[in-house]
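Secondary and tertiary structure notes
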Amino acid sequence: SISILNCDYIQSIENINTVDTITIDNCSRLFNIDTIAAVSDLSVCRCSTLRRIVKIDVTNFTIQYCFALSIVPTMNVQKLDVSYCPSINTINIDPNVSHLIVNECTRLDSLGFDTAAFNYVDLTIEIHGSNMIERIDGWYVSNLTITNNDTLAVLASTDCGLTFSLLYLKGNTALATAPDKTSSLFVPTSTQWKKDTVDLLSYAGLDNVMLVFQNRG
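Residues numbered from 1 in each chain as written. Predicted model: local features only at pLDDT ≥ 70, side-chain atom pairs only at ≥ 80, totals over all residues. Heavy atoms only, no water.

Moving on, we come to the pattern of salt bridges. Per the stated rule, a full pass over the model turns up 3 salt bridges. Salt-bridge contacts for Arg52 lead to Asp34; the nearest nitrogen and oxygen are separated by 3.9 Å. In this pair, Arg52 is assigned in strand 4 (residues 52-64) and Asp34 in strand 3 (residues 32-45), connecting sequence segments 18 residues apart. According to the relative accessible area criterion, Asp34 is buried, its value standing at 14%. (Salt bridge = Lys/Arg side-chain N within 4 Å of Asp/Glu carboxyl O. Helix = DSSP H or I, 4+ residues; strand = E, 2+ residues; numbered from the N terminus. Buried < 20%, exposed > 50% of the residue type's maximum accessible area, 1.4 Å probe, protein only.)

See the structure below:
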């Protein structure tokens, strides 16, 4: 295990691999975490200047008390838990992420995923606490072929997944933001983003809300 605690002079943590646990706490000048591989648990807490997390290959990733954070590909993380982060710029979802928890975070500006390149069926997002997320918007989607009919559905549940309400449903050309392509690799440009809004006002003040982002392709 590796613990990096109370450091005010480390600007970047890079190229750590094959350990069970990494704990990073109260590093006031840490800006970048890059290339963490073959790790079971990674915990990042109270790193107020942390802005970028990339190339993370861990099973469980917990982030607490970080500000204006961008979590970008590539990430091979099964469970991502983001708590007490007032403003999150971007979370780009890797295909291996099956469970995203957002707890006591005021705003998430951009949630991104590529339904053509990513081969997942369901992504479950849990939101805990009141006055949580003002907006979830901004994703990129490219059709793999002209006949591809990927459809994005956003559903909400307040009874632990027993029943769901459909909040959003778009597919094919109404959802795509880039031309058709024939290869599996898709890297979006700055102009290939779709901005849309899912209204969560009716869920404000509820203790537990589960959101499901579902690819119906």
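Under the definition given, this model contains 1 aromatic pair. Judged by centre distance (5.0 Å) and plane angle (10 degrees), the ring pair of Tyr65 and Tyr84 falls under stacked. Taken together, the residues span a long stretch of sequence, with Tyr65 in the loop between strand 4 and strand 5 (69-71) and Tyr84 in the loop between strand 6 (75-83) and strand 7 (87-92) at a distance of 19 residues. The class of Tyr65 is partly exposed, set by a relative accessible area of 39%. Among the residues examined, Tyr84 registers a relative accessible area of 33% and is labelled partly exposed. (Phe/Tyr/Trp six-rings, centres within 6.5 Å; stacked < 30°, edge-to-face > 60°.)

Further remarks concern the side chain of Thr49. Relative to the helices and strands, Thr49 resides in the loop between strand 3 and strand 4. Not counting the four nearest positions on each side in its chain, Thr49 is found in contact with Cys27, Ser28, Arg29, Leu30 and Phe31. (Contact = heavy atoms within 4.5 Å.)

Looking at the chain, pLDDT values average 76 and 73% of them are 70 or higher. Confidence over residues 142-148 falls short of pLDDT 50; this stretch has 23 contacts with residues more than four positions distant or in other chains. (pLDDT = per-residue confidence, 0-100.)

Even without being glycine, Asn26 reaches a positive phi, approximately 60 degrees. Even without being glycine, Cys160 reaches a positive phi, approximately 60 degrees. Within the secondary structure, Cys160 is located in the loop between strand 11 (151-157) and strand 12 (165-171).

Below, the discussion takes up the nonpolar core. Soluble globular proteins: nonpolar side chains tend toward being buried together. With 36 residues, the main nonpolar core has Ile24, Phe61, Ile63 and Val82 as its most contacted residues. Formed by 11 residues, the second largest nonpolar core is a distinct cluster that contains Ala156, Tyr168, Leu175 and Tyr203. (Core = buried A, V, L, I, M, F, W, Y, C linked by side-chain atoms within 4.5 Å.)

Tracing the backbone shows Asn32 in strand 3. A relative accessible area of 13% places Asn32 in the buried class. In terms of polar contacts, Asn32 uses its side chain to reach the side chain of Ser12, at 3.1 Å. Each residue touching Asn32, except ones within four places of it in the same chain, is listed here: Gln11, Ser12, Ile13, Glu14, Leu50 and Arg52. (Polar contact = N/O pair within 3.5 Å; in protein donor to acceptor, adjacent residues only side chain to side chain.)

With respect to the helices, strands and loops of the structure, Asn96 is situated in the loop between strand 7 and strand 8 (99-103). Take Asn96: its relative accessible area is 39%, and that puts it in the partly exposed class. In contact with Asn96, not counting residues within four places along its chain, are Asn76, Val77 and Gln78.

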